[in-house]
Amino acid sequence: MDYKRFLSDFSEASELYMIRTMVYLSWTVPGSIELASGMPNPETVPFSSATFKCKDGTELHVDEDTMRKITPYQQPRGMDDLLKWISIIHKEFHNPPKMGAAKDGSQWGASVCPGALGGMDFLFQAILEENDVVLLDEFAFGGTKKLIRKMKSVYLGVPMDGEGLVPDKLGDILDRWEELSAPIANGRKMNKPKVLVTTPVGQNPTGVNTTLERKQEIYKIAQEYDLLIVEDDPYYYLQYGKTYIPSYQSLDVDGRVIRLDSMSKFITPSMRIGWMTGPEAIIERASGFMGCSCMSLSCFSEIATLKYFDSLGLEGFRNRVKYLSDFYKERRDMVEGLVKTHLTGIVSWTTPTAGMYIWLNLLNTDDSMFLADEALCRKYKVFVVPGIDFACDLSKTYSQVRLCFARTTQADFEKGIPLLARFITENISRKV
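Nothing here was measured: the structure is a model prediction, and the numbers come from that model. (Residues numbered from 1 in each chain as written. Predicted model: local features only at pLDDT ≥ 70, side-chain atom pairs only at ≥ 80, totals over all residues. Heavy atoms only, no water.)

Undergrad: Help me understand the sheet that holds strand β8 (residues 195-198) in this model?
TA: Paired through their backbone hydrogen bonds, the strands of a sheet run either parallel or antiparallel. Overall, mixed pairing links the seven strands, which are arranged β3-β11-β10-β9-β8-β4-β5 in an open sheet. In this open sheet, the two strands that pair with only one neighbour each are β3 (108-113) and β5 (154-158). Each strand of the sheet is rotated relative to its neighbour by a mean of 20°, with strand direction disregarded. Relative to β8, strand β4 (residues 133-137) runs parallel, the two sharing three bridges. Within the sheet, the bridge partner assigned to Leu136 lies in β8 and is Val197. (Pairing = 2+ DSSP bridges. Helix = DSSP H or I, 4+ residues; strand = E, 2+ residues; numbered from the N terminus. Axes fitted to C-alpha atoms, helices over the stretch in contact; angles between N-to-C directions.)

Undergrad: Please explain the environment of Leu7 as it appears in this structure.
TA: Mapped onto the secondary structure, Leu7 falls in the segment before α1 (11-14). The spacing of Leu7 and Ala126 is 119 residues in sequence and 5.7 Å in space, taken between C-alpha atoms.

Undergrad: So what exactly am I meant to see when it comes to the nonpolar core here?
TA: In summary, soluble globular proteins display a tendency toward joint burial of nonpolar side chains. By size, the foremost hydrophobic cluster in this structure holds 102 residues, and its most contacted members are Ile127, Tyr237, Phe309 and Leu343. Top contributing element to this core by residue count: helix α12 (residues 299-343), with 15 residues. Residues contacting Leu343, with those up to four places away along its chain left out, are Leu338, Leu360, Ile417, Leu420, Ala421 and Ile424. Formed by 21 residues, the second largest nonpolar core is a distinct cluster that contains Leu135, Val158, Leu165 and Val257. (Core = buried A, V, L, I, M, F, W, Y, C linked by side-chain atoms within 4.5 Å. Buried < 20%, exposed > 50% of the residue type's maximum accessible area, 1.4 Å probe, protein only. Contact = heavy atoms within 4.5 Å.)

Undergrad: Whenever I open this one, the environment of Pro159 confuses me. Can you help?
TA: Mapped onto the elements, Pro159 comes out in the loop between β5 and β6 (160-161). When its relative accessible area of 29% is taken as the criterion, Pro159 is described as partly exposed. Beyond its immediate stretch of four places on either side in the chain, Pro159 contacts Glu138, Leu165, Val166 and Lys169.

Undergrad: Would you mind showing me how to read α12 here?
TA: Owing to its 3.6 residues per turn, the α-helix brings residues three or four apart onto one side. If you check α12, its first and last C-alpha atoms are just 47 Å apart, much less than what 45 residues at 1.5 Å a residue would give, namely 66 Å. Where α12 bends most, at Gly313, the angle is about 95°. Immediately beyond the C-terminal end of α12, within one or two residues, lies Gly345, with a positive phi of roughly 90°. (Expected span 1.5 Å × (residues − 1). Bend = angle between axes of the 7 residues up to and from the residue.)

Undergrad: Honestly, empty space enclosed by the protein in this entry has me stumped. Any pointers?
TA: Think of a ball as big as a water molecule: rolled over the atoms, this probe shows where empty space is left. The final tally for this structure, using the stated rule, is one cavity of 30 Å³ or more. The space that makes up the largest cavity amounts to roughly 50 Å³. Lining of the largest cavity is provided by Pro96, Pro97, Lys98, Ser106, Trp108, Gln249, Asp252, Gly255, Val257, Gly278 and Pro279. (1 Å grid on protein atoms, 1.4 Å probe; cavity = no way out; pocket = protein on both sides within 12 Å on 5 of 7 lines; lining within 4 Å. Points joined across faces, edges and corners; volume = space filled by probe spheres on them.)

Undergrad: What should I look at first to understand the sheet that holds strand β13 (residues 357-362) in this one?
TA: Taken in spatial order, the four strands of this open sheet run β12-β13-β15-β14, and their pairing is antiparallel. Whereas interior strands pair on both sides, the edge strands pair on one side only; in this sheet they are β12 (347-348) and β14 (385-386). In this structure, β14 lies alongside strand β15 (residues 400-404), joined through two bridges in antiparallel fashion. Bridge pairing in β15 places Val385 opposite Arg402.

Undergrad: Help me understand the pattern of salt bridges, please; the structure alone is not making it clear to me.
TA: Two side chains of opposite charge can pair, provided their charged atoms sit close to one another. Overall, the coordinates contain 19 salt bridges when judged by the stated rule. Of the charged contacts in the structure, one is a salt bridge between Arg214 and Glu163, with a shortest N-O distance of 3.6 Å. Taken as a pair, Arg214 in helix α9 (residues 212-225) and Glu163 in the loop between β6 and β7 (164-165) lie far apart in primary sequence, 51 residues in all. For Arg378, the salt bridge is made with Glu374, and the minimal N-O distance between the two is 3.1 Å. Taken together, the residues span about one helical turn, with Arg378 and Glu374 both in helix α13 (residues 374-380) at a distance of four residues. (Salt bridge = Lys/Arg side-chain N within 4 Å of Asp/Glu carboxyl O.)

The structure is reproduced here in structure tokens:
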């Protein structure tokens with residue numbers, strides 16, 4: 001593939017400044033004397049060792065020799081041993097066709113990043129420019145939309161149904177681009193879309209999964225119209241079935257899928273650990289922007305993640321995946337039972353098969369915005385997110401709301417769902 005079409009003109013901003021270039025070069029030369037960096041003396045670092053204690057009693061120890069290695073500045077892409085683990089995980093769960101391919105820019109590459117959203121920020125700097133149009137799921141995460149606007153680009157939602165993004169609708173947008181682009185252009189000359197960003201598993205906010213058949217159709221459309229697919233997939237390991245739906249990356253014979261993974265749901269959000277994988281030409285540029293920004297991730301987060309993976313092993317990683325799947329399925333069942341009891345006749349919904357969200361559709365109204373009214377929220381003491389916060393088309397009203405069942409206790413749900421029912425029924429006709 002010719003990646004020049006996809007890379008932004010901000011190339012200079014992604015190039016490492018001379019200090020970092022010289023430091024990284026010195027690391028590749030055995031016996032070199034490195035006098036270029038502004039590294040503090042290791043004797044001044046107050047930390048000598050660390051121990052992370054897991055809930056199951058396992059202790060992950062970082063000895064003094066290891067601590068001396070992780071306290072200096074690191075490479076933007078992350079610690080080598082953690083990158084090795086990422087390769088093992090992707091080989092096991094995705095088996096990317098481009099893994100190990102010839103170095104033509106399309107071979108599979110990886111970089112650790114500060115969570116999936118942080119990775120997306122650097123990725124968008126690498127591939128987006130002013131007047132670009134990004135195709136999104138019809139309902140999409142607000143942070144993704146804000147990052148697109150930050151790049152002075154715009155987004156356009158692709159319709160979805162209970163099986164995810166609709167391929168025919170995607171193809172229709174691309175076929176009729178000149179006609180359809182006028183309403184979003186506002187007098188600007190918009191570029192034809194070259195990027196599709198989608199969350200295919202446990203989609204936020206709808207909770208739906210894109211089926212394998214849909215993914216295959218969408219990938220063919222991406223080939224036909226030369227699109228990059230950004231697979232933002234933080235809920236991949238929260239699929240409830242015994243068989244996981246193959247990822248876009250597992251189908252990627254061209255090197256046109258950039259995948260974003262996050263440890264926010266696998267370990268904890270505060271670690272700020274995620275990774276980007278995909279064509280090396282794109283990953284290299286995106287990690288260059290990271291190197292000129294936060295320089296590298298917190299090595300304490302990286303080493304904690306690495307030690308945790310070492311302690312699990314691949315079999316333990318699979319067991320952790322099963323534990324998470326079972327845990328969130330049980331919570332889904334509990335909350336859906338309460339929804340059936342208290343909200344039947346008030347809302348409709350589709351049972352989610354992955355993730356941590358139920359997407360409720362309010363009956364007898366086309367606008368759920370009253371559920372964000374501050375005074376009413378204070379009165380009823382229950383908080384959900386109206387659908388318009390996720391919508392790509394803000395010219396319409398939306399009857400949906402997102403309910404997250406991940407963190408709240410069962411006792412609070414047993415109290416909160418009846419409160420939500422009362423909130424809706426007493427204010428359904430209210431205009432805010």
